[in-house]
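Breakdown of the fold
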Amino acid sequence: MQIIRKSAKTDLSIEMYLAVALPFMLSTVTQPLLGAVDTAVVGHMRNPANVGGVAIGAVLFNTIYWIFGFLRVSTSGLMAQSLGSKSEADRVFAYLRPISLALVISLVILLLQNHMLKAAMHVYSVDSDVADHVRTYYRIRIWGAPFVLLGYVNLGWLMGSKCVKSSMLLQITANVINSVLDIFFVLVLHWGVAGVSLATLISQIYSFGLGLYLVLKQMNLKQMRAYFDEVFKACAFLDLLRTNGNLMIRTICLLIMTNLFMSKAAILGTVVLAANAILYQIQYIISYMFDGFSNASSIFAGQAVGKADRAMFVQVVSISKKSAWIISSIITLVLIVLKNPLLGIFTSMEDVLEICRTYYIWLEVFPWMIGVGMVLYGVYSGALFTASIRDSMVISLVVFIVSLHIGTLRLGNHGLWLAFILFSLSRSITMARYIGKLLNSKFQMTSLRKEIESA
């Protein structure tokens, strides 16, 4: 019996890949601009406490929401695989099962919101004025939880469906609305940190509403009702929870790293915290540029798995790696050429700018450390091969914690950024090492399942 199907011709070309990757990059890079605009607006209020408060508040919501980022990632992978298998039932399940899970998680977050704030404030050693701004920011934005998590499912389903224009419309318009309201509430109405958080909340509500509308244009309620009785099968939900559990562990590790980074930066002083917050926002933008290519890799990898097309999958991996090196070169060049104008966008405080310039070199190194790991993460998530994603992040977190302890004692803030770079490099190395295991294991299982179904 031939277990692995060999395709005579792959279904993927570099042109097809870029046709998806470039629009996704343009749309996903607007996401960190939410935090970047927040930071830039308060950065021009000439009070480091405002910058620090928004920075810590943003990290808190990254902690809350990123833990459940698997809702978008797994939904996208499930939907991409349904494209390959051409199953209408799988298409419906890829939406209804994650959306049900998102509703439950949202309710729990709202019920526990006060306890989460108290726990979070114990983690950070910040001045009292910074803490006040954190509380203001949190108490407004927390009500966006249901809209954010349900929005993850909407976006993941659209991206997995290769609805590129809809995905771009959803992300770009939401972020434009947030940016405009940021400027209006803070610089015109002078609402300060409260205005920043309210602008974000409004944009999240809008994003959910538009996302739901776009999904229902692709899949009507009649289709959903036809398979509704099968949506809540225990075995299917166990598989979903197992897959998402690995992604959750991955995200928790990422957030532990981020929170340790910001907590250590806070100890170094308010001005250093403000500078690191600005540099970290630029890092977010870089990461999300890679994330656009990661999303494209996820979609094509999911399709290849759904069709049991090993040749196409190999092509996805090859194109993904090449894309990572190319985009790393471009980003590094831009960072070098636009150093001063880029930093000037975020703040006009000279003491903060001086510290930013001192540690800017770490941003110039960053793309080469993280690029391969980011795009291969897309390959793994599209294939729903999440155990290796989990293992890679656990190893990288250990590397970060060890290097953080040693580096900051000897090098201060340089040691903090060195630990971050080593964490990023570890992600790329471990992801690259696991690719052979994914290829052999996943395609043997997928092809065998196809043969059983057709027997």
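Here the structure is a predicted model, which means the values were calculated and not measured. (Residues numbered from 1 in each chain as written. Predicted model: local features only at pLDDT ≥ 70, side-chain atom pairs only at ≥ 80, totals over all residues. Heavy atoms only, no water.)

Section: the nonpolar core
Where a protein is soluble and globular, its nonpolar side chains tend to be buried together. Ranked by internal contacts, the top residues of the largest apolar core, which has 147 residues, are L71, Y95, L149, F313, Y380, W417 and F420. The leading source of residues in this core is helix α14 (residues 270-307), at 21 residues. Leave out the neighbours within four places in its chain, and L71 touches P98, L101, A102, I105, L149, Y152 and V153. (Core = buried A, V, L, I, M, F, W, Y, C linked by side-chain atoms within 4.5 Å. Buried < 20%, exposed > 50% of the residue type's maximum accessible area, 1.4 Å probe, protein only. Helix = DSSP H or I, 4+ residues; strand = E, 2+ residues; numbered from the N terminus. Contact = heavy atoms within 4.5 Å.)

Re the confidence of the model for the chain
For the chain, per-residue confidence averages 82 on the pLDDT scale, and residues scoring 70 or more make up 89% of the total. Within the chain, no element has a lower average pLDDT than helix α2 (residues 32-43), which sits at 65, and none a higher one than helix α8 (residues 145-160), at 92. Confidence drops under a pLDDT of 50 for residues 1-9, and excluding neighbours within four residues, the segment shows 17 contacts in the predicted structure. (pLDDT = per-residue confidence, 0-100.)

Things to note about the pattern of salt bridges
Under the counting rule described, the total for this entry stands at two salt bridges. A salt bridge links D391 to R390, with the shortest nitrogen-to-oxygen separation between them at 2.9 Å. In this structure D391 comes out as partly exposed when scored by relative accessible area, which is 24%. (Salt bridge = Lys/Arg side-chain N within 4 Å of Asp/Glu carboxyl O.)

Let's talk about the side chain of N154
When you line up the elements, N154 lands in helix α8. A polar contact of 2.8 Å, which involves the side chain of N154, links it to the side chain of Y95. Filtering out sequence-adjacent residues up to four positions away, N154 remains in contact with Y95, I99, F208, G211, L212 and V215. (Polar contact = N/O pair within 3.5 Å; in protein donor to acceptor, adjacent residues only side chain to side chain.)

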